[in-house]
Amino acid sequence: MHNPIIAALDVPNAAAAVQLAELIAPAVGAFKIGGELFTAAGPDIVKRIRATGANVFLDLKFHDIPNTVTKSVASAIRLNVQMLTIHTSGGGEMMRAAEKSAQDTAQQLGVPVPLVLGVTVLTSSNGATLAEIGCEPDVEKQVSRLALLAAQSGLRGLVCSPLEIIALRKIIPAHVQLVTPGIRTGAEKADDQKRTLTPREAIAAGANWLVIGRPIYAAENPRAAAEKILETLR
Ligand code: C5P
């Protein structure tokens, strides 16, 4: 079994991120670098986290014209990331451009093709949010629609909430990898996550990767917390 834990480095600066990453790298499969850390620490943080030996998931959720997304994806891959995110609501042409850029850039560099993950409807959005911007107001329908479009556009992965895994597994091709946040072990508080699954439940439902933040980095012993989670998956 590959280690499906992606530990979110939701910390404000490079020093804190590197310290956490060095501590827990042997117990996780990848680290997620998001907008807060990347914007504060700069692209060099990717190199420093990669130096721990772990894979990097760059979660910057690109959403722009196809030409710009093509170049952004290429830049991310040159930084040596293994997973990255784009917004599926950018449309089919943008997603095809992103995937092509990943394939082309990886081939040029002679590295495995990174996983371009499509983000569908943010879990902070509800029907009213979708209606406000003139979209299909049924969240489930909009998620399915965007997920299918992403698969048709050649994306090989999607980010989804724990409670979307089962529905998506029924409609998307089996090779499409699902990455899910909203994971709680039951031992900690749910924080602001409202719909959670345990790591084991999420994998059983069909997730390939688990994005885990506070249950690891806010634990008294983050390394032990990650190891314990991995243990529940064996
Ligand atoms: O601390 P926690 O485990 O809730 O962190 C989850 C991580 O996944 C955070 O980095 C959060 O931004 C991200 N995420 C999420 N829900 C989404 C998409 C991303 O919690 N729908």
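Details of the structure are given in the entry above.
Scoring rules and cut-offs
Residues numbered from 1 in each chain as written. Predicted model: local features only at pLDDT ≥ 70, side-chain atom pairs only at ≥ 80, totals over all residues. Heavy atoms only, no water. Near = heavy atom within 4 Å. Polar contact = N/O pair within 3.5 Å; in protein donor to acceptor, adjacent residues only side chain to side chain. Areas by Shrake-Rupley, 256 points an atom, 1.4 Å probe, with all protein chains shown as cover. Helix = DSSP H or I, 4+ residues; strand = E, 2+ residues; numbered from the N terminus. Nonpolar A, V, L, I, M, F, W, Y, C, P; charged D, E, K, R; others polar. Buried < 20%, exposed > 50% of the residue type's maximum accessible area, 1.4 Å probe, protein only. Contact = heavy atoms within 4.5 Å. Disulfide = S-S within 2.5 Å. Pairing = 2+ DSSP bridges. Axes fitted to C-alpha atoms, helices over the stretch in contact; angles between N-to-C directions. Core = buried A, V, L, I, M, F, W, Y, C linked by side-chain atoms within 4.5 Å.

**Student:** Could you give me a rundown of the site of the ligand, with the residues and numbers involved?
**Tutor:** By nearness alone, every residue bordering the ligand is listed as Ala8, Asp10, Lys32, Thr123, Pro181, Arg184, Gln193, Val211, Ile212, Gly213, Arg214 and Pro215. At 2.9 Å from an oxygen atom of the ligand is found a side-chain nitrogen or oxygen belonging to Lys32. At 2.8 Å from an oxygen atom of the ligand is found a side-chain nitrogen or oxygen belonging to Gln193. For the ligand, the accessible surface in isolation is 460 Å², of which the surrounding protein chains cover 79%. When residues of the shell around the ligand are traced back to their parent elements, those giving at least two are strand E8 (209-212) and helix H10 (214-217). Of the residues belonging to the shell around the ligand, the class tally is 5 nonpolar, 3 polar and 4 charged.

**Student:** Help me get a handle on the environment of Leu122, residues and values and all.
**Tutor:** Inspection of the secondary structure puts Leu122 in the loop between strand E5 (115-119) and helix H6 (127-132). When its relative accessible area of 37% is taken as the criterion, Leu122 is described as partly exposed. Sequence-distant contacts of Leu122, defined by excluding residues within four places in its chain, comprise Lys61 and His87.

**Student:** Mind laying out the state of the cysteines, listing which residues take part and the relevant values?
**Tutor:** Taken as a whole, this structure holds 0 disulfides when the rule is applied. There is no disulfide at Cys135, and the cysteine sulfur nearest it, in Cys160, is 19 Å away. The class for Cys160 is buried, based on a relative accessible area of 3%.

**Student:** Kindly report on the pairing of strand E2 (residues 30-34), identifying the contributing residues and their values.
**Tutor:** Most of E2 sits inside the fold, with 5 of its 5 residues counted as buried. Residues Ala30, Lys32 and Gly34 line one face of E2 and the alternating positions Phe31 and Ile33 line the opposite face, and both faces are buried. Summarising the sheet, strand E1 (residues 5-8) and E2 pair through 3 bridges and their orientation is parallel. Residue pairing across strands places Ile6 opposite Ala30, the latter belonging to E2.

**Student:** An account of the pairing of E8 is needed here, citing residue identities and associated values.
**Tutor:** Regular strands place side chains that alternate from one sheet face to the opposite one. What you see with E8 is no split at all: Trp209 and Val211 on one side and Leu210 and Ile212 on the other are buried throughout. Summarising the sheet, E1 and E8 pair through 3 bridges and their orientation is parallel. Within E8, the position partnered with Ile6 by the bridge is Val211.

**Student:** Could you give an account of the sheet that holds E5, with specific residues and numbers?
**Tutor:** Sheet architecture is closed into a barrel: 8 strands sit in the order E1-E2-E3-E4-E5-E6-E7-E8, paired in parallel fashion. Looking at each pair of strands side by side, their axes are set apart by 25° on average, direction ignored.

**Student:** How would you sum up the nonpolar core? Please name residues and give values.
**Tutor:** Core analysis: the biggest nonpolar cluster contains 63 residues, and Phe31, Ile33, Ile45, Ile49, Leu84 and Ile86 have the highest contact counts within it. No other element matches helix H1 (residues 14-24), which puts 6 residues into this core. The residues contacting Ile33, other than those within four sequence positions of it, are Leu9, Phe38, Ile45, Val46, Ile49, Val56, Phe57, Leu58 and Asp59. With 12 residues, the next largest nonpolar core counts Ala8, Met83, Val119 and Trp209 among its residues.

So, to be careful, I would describe these as geometric facts and stop short of saying anything about function.
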